[in-house]
Amino acid sequence: MITLEQAHRAVQVYAEQREAAWFDRTVIDRGGYWFFRVGHVGSCGVIVDKADGRLSVMGSALSLDDCFWGHEHGFSPELVRLRIKKVHHEGRTIEFLLYLVTAGPPRQPNPNPKRAWLADRLRALPCEFGPERFWLSIPSFRESLNHGWFEFDVLA
């Protein structure tokens, strides 16, 4: 477990090495981590995990709420694996995964090979996809949870 002072020093080193600007000196305490408003164009700040001092840079494409949610649900490492544990609505889950998952099926004569490949993968749960960058899809993941289409874990 690190202290706030240690986290602040780590962020200061990050800012100096990357020539990042302090947007303001506010520190947000989210229980398991702190958020510091320091960065550059394309970044809204950095998260420092209290458990291990790991520093994660948050981009600016998502809302701060989505950034926090994503970090709290394991999306912060750049490449992660998605484990589908349970499917409640197969059609919606397949459509969700269709454009999210970059891996694809082997060549086959089926006119919708990726849909068929995803359906086949979802028949044997849990199934995993990745490693991939899912960060920018966080709002879609939140929506899928709200609708209850499927249950998942994000694995580093």
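Predicted model only: the values in this text are computed from it and were never measured.

Among the structural elements, T93 can be located in helix α3 (residues 90-100). Its relative accessible area of 0% is what places T93 among the buried residues. T93 has contacts with V87, L122, W149 and F150, leaving out every residue within four places of it along the chain.

We now examine the pairing of strand β2 (residues 33-39). Counting buried positions along β2 gives six out of seven residues, so the element sits mostly inside the fold. For strand β1 (residues 21-29) and β2, the ladder comprises five bridges, and the chain directions are antiparallel. Within β2, the residue paired with W22 across the bridge is V38. The turn joining β1 and β2, which pair antiparallel and follow one another in sequence, is formed by three residues; a positive phi near 85° is taken by G31. In textbook terms, the turn of a hairpin is the stretch between consecutive antiparallel strands, and for β2 and strand β3 (residues 43-49) this stretch comprises three residues, one of which, G42, has a positive phi near 95°.

Counted under the stated rule, the structure contains 13 salt bridges. Here D29 and K50 are joined by a salt bridge, their closest N and O atoms 2.7 Å apart. Within this pair, whereas D29 is found in strand β1, its partner K50 is found in the loop between β3 and β4 (55-59), the two being separated by 21 residues in sequence. Between R133 and E78 there is a salt bridge, with the nearest N and O atoms lying 2.8 Å from each other.

Let us now look at the sheet that holds β3. The four strands lie next to each other as β1-β2-β3-β4, forming an open sheet whose pairing is antiparallel. The two strands at the open ends of the sheet, each matched to only one other strand, are β1 and β4. Averaged over all pairs of adjacent strands, the angle between their axes in this sheet comes to 25°, without regard to strand direction. Judged from the four bridges that link them, β2 and β3 form a sheet pairing that is antiparallel. When the bridges of β3 are listed, F36 appears paired with V46. The strands touched by helix α1 (residues 4-18) within the sheet are β1, β2, β3 and β4, with β2 carrying the most contacts at an inclination of about 25°. Relative to the sheet, helix α2 (residues 64-72) contacts β1, β2, β3 and β4, its axis offset from that of β2 by approximately 135°.

Reading guide: rules and limits
- Residues numbered from 1 in each chain as written.
- Predicted model: local features only at pLDDT ≥ 70, side-chain atom pairs only at ≥ 80, totals over all residues.
- Heavy atoms only, no water.
- Helix = DSSP H or I, 4+ residues; strand = E, 2+ residues; numbered from the N terminus.
- Buried < 20%, exposed > 50% of the residue type's maximum accessible area, 1.4 Å probe, protein only.
- Contact = heavy atoms within 4.5 Å.
- Pairing = 2+ DSSP bridges.
- Salt bridge = Lys/Arg side-chain N within 4 Å of Asp/Glu carboxyl O.
- Axes fitted to C-alpha atoms, helices over the stretch in contact; angles between N-to-C directions.

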